[in-house]
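Breakdown of the fold
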Amino acid sequence: MNFQPGYAENPDPRCPVVLLLDTSGSMSGQPIDQLNQGLVTFQQELSQDSLAARRVQVAIVTFDSYVNVVQDFVDFDQFNPPHLSTTGTTAMGEGIGTALNLIESHKQLLRANGIDYYRPWLLMITDGAPTDSWQNAAQMLHQFYANKKVVFFAIAVQGADMNTLSQIVPPGSIPPQQLQGLAFNQLFTWLSKSMGSVSRSQGSGAQVALPDASEWVVGT
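Within any chain, residue numbers begin from 1 and follow the written order of that chain's sequence. Where local features are concerned, this predicted model is filtered to residues with pLDDT of at least 70; where side-chain atom pairs are given and counted, the filter is 80 or more; whole-chain, interface and lining totals use all residues. In computing side-chain properties, one takes all heavy atoms of the structure into account and sets aside hydrogens as well as water.

**A closer look at the side chain of Q71**
Helix numbering and strand numbering both begin at the N terminus, where a helix is a DSSP run of H or I of at least 4 residues and a strand a DSSP run of E of at least 2. Tracing the chain through its elements places Q71 in strand β3 (residues 67–75). The buried label goes to any residue with under 20% of its type's maximum accessible area, the exposed label to any with over 50%, and the partly exposed label to all in between, with areas taken from a 1.4 Å probe on protein chains only. With relative accessibility at 18%, the residue Q71 sits in the buried group. The criterion used for residue contact is that any of the two residues' heavy atoms lie within 4.5 Å. Residue contacts for Q71: discarding those within four places in its chain leaves V58, A59, I60 and F79.

This is the structure we're talking about:
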């Protein structure tokens, strides 16, 4: 029922990554412009890695007053960076829950097609604090992380509520990382290299050495 012919043509294991992006009103102007450019950089950089381009799958979920699945999972050669705009408040809790459910349903699809997969990544970028209830979503995320179902990164743009982000990030995970200015291009170059490393690793539980993040993380 869920069989998709594309998987027969490319039976490689997949590296799913969800980009969970804050598109609330406070991201308007230069922040959203630079974020949109970062998505283009991600597409350009990863396309140059032929193995990663076969294995990485990307989905994009945005959160403002509402949560939108802007891009469901696609193989990277089908990924076209969207042009995001901003509005409203910050439904971060709902965004996290939506992203985790998207990952779970996609894993079922991969299994139905006989495709192995690496542990999915969820990378969240925000410049604010949740305006909805986030505690249940954080608990769900902590459970996913404890059960080795997801790798989570929280990227804080200037203005983000670091205290709340520290509670959302699962215990034992990498703490929230603060972005240097609007260094989205450097962040997405790092993400491209990271996904390249994951796509070459041995098995879903393998420890992957991540590339240097000093070009975009504050204080490194």
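**Here's the deal with the environment of P170**
Inspection of the secondary structure assignment puts P170 in the loop between α6 (162–168) and β6 (177–178). C-alpha of P170 to C-alpha of L84: the two residues are 86 residues apart in sequence and 28 Å apart in space. Excluding anything up to four places from it in sequence, P170 contacts L141, H142, Y145 and F152.

**Looking at the packing of aromatic side chains**
Working definition: rings of Phe, Tyr and Trp (its six-membered ring) pair if their centres are within 6.5 Å, and the pair is stacked with planes under 30 degrees apart, edge-to-face with planes over 60 apart, and tilted otherwise. Evaluation of the coordinates by the stated rule reveals eight aromatic pairs. Relative to F79, the ring of F76 lies with its centre 5.5 Å away and its plane at 40°, an arrangement referred to as tilted. Residue classification places F76 among the buried residues on the basis of a relative accessible area of 1%. Plain terms: the ring middles of W121 and F153 are 4.8 Å apart, the flat faces sit at 45° to each other, and that makes the pair tilted. Here F153 lies in strand β5 (residues 151–156) and W121 lies in strand β4 (residues 121–126), a separation of 32 residues in the sequence. Each member of the pair, W121 together with F153, is buried.

**Details of the pattern of salt bridges**
Definition used for salt bridges: Asp or Glu carboxyl oxygen within 4 Å of a side-chain nitrogen of Lys or Arg. Tallied over the full model, the rule gives six salt bridges. The partner of D12 in a salt bridge is R54, with the nearest N and O atoms 3.1 Å apart. Taken as a pair, D12 in the loop between α1 (5–9) and β1 (15–22) and R54 in helix α3 (residues 50–55) lie far apart in primary sequence, 42 residues in all. Between R55 and D12 there is a salt bridge; the shortest N-O distance is 3.3 Å. With R55 in helix α3 and D12 in the loop between α1 and β1, this pair connects stretches of sequence that are 43 residues apart. The class for D12 is buried, based on a relative accessible area of 14%. What you see here is one network of salt bridges that share partners, running through D12, R54 and R55.

**Remarks on the environment of F63**
Mapped onto the elements, F63 comes out in strand β2 (residues 56–63). Residue classification places F63 among the buried residues on the basis of a relative accessible area of 0%. What F63 contacts, discounting residues up to four positions off in sequence, is L20, L21, D22, T23, S24, T90, A91, M92, G95, M124, I125 and T126.

**Quick notes on the nonpolar core**
Nonpolar cores are built from buried Ala, Val, Leu, Ile, Met, Phe, Trp, Tyr and Cys residues. Side-chain atoms within 4.5 Å join them into one set. Ranked by internal contacts, the top residues of the largest apolar core, which has 38 residues, are L19, I125 and F188. Elements with a minimum of two residues in this core: β1, α2 (30–47), β2, β4, β5 and α7 (184–199). No other element matches α7, which puts seven residues into this core. Other than its neighbours up to four places away in sequence, F188 contacts L19, L35, G38, L39, F42 and I125.

**Concerning unusual backbone geometry**
Backbone geometry places K148, a non-glycine residue, at a positive phi of 60°. Residue placement: K148 occurs in the loop between α5 (135–146) and β5. A relative accessible area of 57% places K148 in the exposed class.

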